[in-house]
Amino acid sequence: MALGLVAATAIALTGCTDSDASPSDQTDGELRQVRVAALPITETAALWGGIKAGLFEKHGLQVEVLPAQGGAQAIPALLNGDIDFAIGQPFGPFRADLQDLGVVVIGNYASSYAEGDDINAVVASAKSGIKRPAELAGKRVSVNSLGAAGDVTIMAAVEKDGGDPSSIKFVEVAFPDVPAQLEAGNIDAAWVPEPFVTQLKSRGDTFIVAPYQAVVPGLTTLTTFTTTKKAESDAKLVDDFTAAMKETLTWAQDSANEAAVRQAIKDNLELPEPVADSVKLPAFGWELDRASMQALAELAQKYKVLDNQPNFDRLIQQR
């Protein structure tokens, strides 16, 4: 499905090694070239759709989207100047801030839902016999990136249901590899976003829990971040990108544009059309929910995923 995109991550994000190169340089009348790392998942449809709708060109930008497995993997490319911005889970920026690397979160991108069907979930193999969160204790559960929102909220959900979170055996599996790994019995359950939740349920695997809703309803799932250096040395680029992103996320959240957003999924992910037309889309929006990010970081420290709390006053620089 998206294996080619995921496999290309290392090449795409490390292929440019000349840190003196300036992909965003602009001459009068020309579009500025901008490189953005993002996960090859349905949530990225807002970005893809906004580009196709001309919302970035309207702000003088020509955007190249590079696939990334997670926000943490984009940090080195940001610091090297190989990309300008990244969209990913908050944990990449969390860890970067703990190392004082000069990474700042400038806006939200997507959030989960406080109630109803959520955009990610833990789904267990039908043959595993797992029916509830507590039964994930002692089992092999995959996440796309260890030490991030997936395993942190799963541990909290398991503990809330009376299970032992410390006994869960987390393994790292890229989202597109999950269906085959579950089928082969290499893992018992997996934390996945759409479209994989819909695909796995439709083939008979068992929905266990939406861990975000169980722990921090409405949790920020994807943020937009860059470097302090970029924000200070090229404020106009950051301002233009911010304006384009605000407009894009507002556009994507408007139900009148849902068909265009879903078409972006079809154009960029090799999904069956019924899946692309039915997957749950996130709540798109630019305004950060600092409280939910802090709650997530506190859980991460509780479960020893983070040693300390990030400096949120330094990290969050809402544009």
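Just above sits the structure.
The shown structure was predicted, so the numbers you read here are calculated from the model rather than taken from an experiment.

Peer 1: Break down the overall build of the chain for me, with residues and values.
Peer 2: Broken down by element type, the chain carries 15 helices and 11 strands. The buried share of the chain, taken over its 319 residues, is 56%. Residue pairs in contact within the chain that sit at least 24 positions apart in sequence constitute 80% of those at least 6 positions apart. Counting every atom, the chain has about 12900 Å² of accessible surface; 48% of that belongs to carbon and sulfur.

Peer 1: Please provide a residue-by-residue account of the pairing of strand 8 (residues 189-193), values included.
Peer 2: Where burial is concerned, most of strand 8 is hidden: 5 out of the 5 residues are buried. Here strand 8 shows two buried faces, one formed by Ala189, Trp191 and Pro193 and the other by Ala190 and Val192.

Peer 1: Explain the pattern of salt bridges to me, using residue names and the numbers behind them.
Peer 2: This model, assessed by the stated rule, comprises 17 salt bridges. Ionic pairing is found between Asp84 and Lys230, a salt bridge with its closest N-O pair at 3.0 Å. Taken together, the residues Asp84 in the loop between helix 4 (71-80) and strand 3 (85-88) and Lys230 in helix 10 (residues 228-233) connect sequence positions 146 residues apart. The exposure class of Asp84 is buried, given its relative accessible area of 1%.

Peer 1: Lay out the side chain of Ser111 with the relevant residues and their values.
Peer 2: Residue placement: Ser111 occurs in strand 4 (residues 103-111). Separated by 3.1 Å, the side chains of Ser111 and Asn108 make a polar contact. For Ser111, the residues in contact, after removing those within four places along its chain, are Ile119, Gly218, Leu219, Thr220, Thr221, Pro282 and Ala283.

Peer 1: Any chance you could break down the packing of helix 3 (residues 45-52) against helix 12 (residues 258-268) for me, citing the residues and the numbers?
Peer 2: Their axes nearest at 8 Å, the elements helix 3 and helix 12 cross at an angle of 100°. As the angle between them shows, helix 3 and helix 12 are arranged roughly perpendicular. Where helix 3 approaches helix 12, its residues Ala45, Ala46, Trp48, Gly49 and Lys52 are matched on the opposing element by Val261, Gln263, Ala264, Ile265, Asp267 and Asn268. Class assignment of the residues belonging to the contact of helix 3 with helix 12 gives a composition of 6 nonpolar, 3 polar and 2 charged.

Rules used in this analysis
- Residues numbered from 1 in each chain as written.
- Predicted model: local features only at pLDDT ≥ 70, side-chain atom pairs only at ≥ 80, totals over all residues.
- Heavy atoms only, no water.
- Helix = DSSP H or I, 4+ residues; strand = E, 2+ residues; numbered from the N terminus.
- Buried < 20%, exposed > 50% of the residue type's maximum accessible area, 1.4 Å probe, protein only.
- Contact = heavy atoms within 4.5 Å.
- Areas by Shrake-Rupley, 256 points an atom, 1.4 Å probe, with all protein chains shown as cover.
- Salt bridge = Lys/Arg side-chain N within 4 Å of Asp/Glu carboxyl O.
- Polar contact = N/O pair within 3.5 Å; in protein donor to acceptor, adjacent residues only side chain to side chain.
- Axes fitted to C-alpha atoms, helices over the stretch in contact; angles between N-to-C directions.
- Parallel < 35°, antiparallel > 145°, perpendicular 65-115°, else oblique.
- Nonpolar A, V, L, I, M, F, W, Y, C, P; charged D, E, K, R; others polar.

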